[in-house]
Amino acid sequence: MMNGIDSKTIRRFGWVLLVLTGLALQGCLDQAVGNDEDPATSGAAEQEPAIPVETATVSTGDVAAFYSGTATLEADEQATVVAQTTGVVLDILAEEGEYVEAGQVLARVETNRYRLEVEMAGAALKRLETDYQRKKELFEKELVSADDFERVSSELQAQKAAYDLARLDLEYTNIRAPISGYVSERLVRAGNLVKLHDPVYRVTSYDPLLAVLHVPERALSVLSKGLTVSMSLDAWPGQSFNGEVIRISPVVDPGTGTFRVTARVMDHDQMLKPGLFGRVEILYDLHQDVPVIPRSAIITEDDSSHVFVVDGQGAASRRPVQLGYERAGMVEVLVGVANGETIVTAGKGSLSDGVRVEVIEINRLPKA
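Please read all numbers here as calculations on a predicted model, not as lab measurements.

**Q** Is there a simple way to think about helix α3 (residues 146-171) in this case?
**A** With 26 residues, α3 extends 38 Å from end C-alpha to end C-alpha; this agrees with the ideal 38 Å at 1.5 Å per step. Regarding α3, the residues found buried are Phe 149, Val 152, Leu 156, Gln 159 and Ala 166. In the core, the buried residues of α3 are packed alongside α2 (112-140).

Structure follows, in structure tokens:
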């Protein structure tokens with residue numbers, strides 16, 4: 001025994017100290033290997049943030065197919081009025097911009113000489129008519145020869161023709177409109193000398209007017225007579241004028257690769273004028289009650305198109321689509337989506353197949 005403590009007690013104390021030292025070392029080891037993890041978050045995986053997008057709902061509507069081009073309006077009927085006799089213009093009876101009927105007198109040329117010629121031809125005709133009646137009676141009594149009677153008969157016919165010609169020359173002193181329309185140009189003044197066939201007026205018919213288009217040959221198979229036409233002009237913003245295709249040239253110009261299409265544009269309110277330039281649309285097909293989506297929803301790559309469709313769990317999936325006609329920013333979908341499905345219209349550039357999205361705005365589609 002040492003200092004009152006026996007060796008057995010010393011050994012027992014050593015074993016207790018060894019156990020305590022082992023427990024302390026185990027705690028330090030647990031801290032070193034990270035066994036201090038919070039149980040509330042242990043084993044829980046972090047979710048990726050949702051991508052904000054704008055969407056629209058696929059709807060059904062009518063989509064029309066148009067050929068669009070530009071044209072200058074031309075008059076369907078236009079006539080240059082010419083003098084049919086020679087003389088000095090006495091009266092101007094129609095001015096530019098006035099509407100005239102066919103046969104209406106536009107101007108008059110001096111008539112005195114032509115009236116005198118009518119009177120002279122008339123007097124000669126009466127004399128020959130009297131001579132003819134007398135020779136006819138004598139011929140019936142066989143008192144004159146057949147040659148004398150035929151000569152008088154021929155002279156009478158010739159004089160009748162001369163009288164009619166003199167009357168026609170007198171009538172030609174009235175310069176008349178050959179067609180109904182507007183006086184587009186007056187080329188003479190009172191006191192001017194006009195000669196035979198000199199131009200005097202131009203008269204233009206404004207209803208209907210023609211829009212002539214030169215259409216690329218690829219549209220030859222879809223255009224035909226009778227198709228509906230709509231024309232808009234800068235001169236009348238916000239208004240359109242209807243018409244129809246009336247002529248299609250069967251020949252394609254080899255130099256330009258185009259063919260000529262003529263449309264009649266109706267203008268019952270007399271608002272249009274020849275020479276106005278405008279945009280023409282020809283309706284050649286119409287698809288009704290078909291799925292339509294905004295052009296902004298479509299991604300085109302390598303001649304193929306696709307959209308992103310959002311499902312009920314908020315996941316976007318890439319889906320290929322086949323497109324049809326397009327009109328006013330709305331595109332017909334032949335294959336790929338159905339009415340009522342939700343598609344991404346903005347933010348699609350950041351998407352991949354299966355990514356989670358957050359809809360921040362739903363676009364309401366206009367009626368197609």
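**Q** Help me understand α2 in this model?
**A** An α-helix turns once per 3.6 residues; consequently, residues spaced three or four apart project the same way. The end-to-end C-alpha distance of α2 is 42 Å, a good match for the 42 Å that 29 residues give at a rise of 1.5 Å each. Within α2 the residues assigned to the buried category are Tyr 114, Val 118, Ala 121, Gly 122, Ala 124, Leu 125, Leu 128, Asp 131, Tyr 132 and Lys 135. Buried residues along α2 sit against α3. Of the residues trailing α2, Glu 142 is marked for its positive phi of about 60°.

**Q** So what exactly am I meant to see when it comes to the environment of Gly 340 here?
**A** With respect to the secondary-structure elements, Gly 340 resides in the loop between β17 (330-335) and β18 (342-346). Sequence separation between Gly 340 and Val 58 is 282 residues; the distance between their C-alpha atoms is 5.1 Å.

**Q** Hey, could you run me through the sheet that holds strand β6 (residues 174-176) in this one?
**A** The strands that make up a sheet pair up through hydrogen bonds in the backbone, lying either parallel or antiparallel. With respect to topology, four strands assemble into an open sheet ordered β6-β5-β3-β8, the strand pairing being antiparallel. Where the open sheet ends on each side, the last strands, each with one partner, are β6 and β8 (193-194).

**Q** Looking at this structure, I do not really get the environment of Val 310. What am I missing?
**A** Among the secondary structure elements, Val 310 is positioned in strand β15 (residues 304-310). Separated by 49 residues in sequence, Val 310 and Val 359 have C-alpha atoms that sit 9.3 Å apart. In this structure Val 310 touches Thr 55, Ala 315, Ala 316, Thr 342, Val 344 and Val 357, once residues within four positions along its chain are discounted.

Rules of the game
Residues numbered from 1 in each chain as written. Predicted model: local features only at pLDDT ≥ 70, side-chain atom pairs only at ≥ 80, totals over all residues. Heavy atoms only, no water. Helix = DSSP H or I, 4+ residues; strand = E, 2+ residues; numbered from the N terminus. Expected span 1.5 Å × (residues − 1). Buried < 20%, exposed > 50% of the residue type's maximum accessible area, 1.4 Å probe, protein only. Contact = heavy atoms within 4.5 Å. Pairing = 2+ DSSP bridges.

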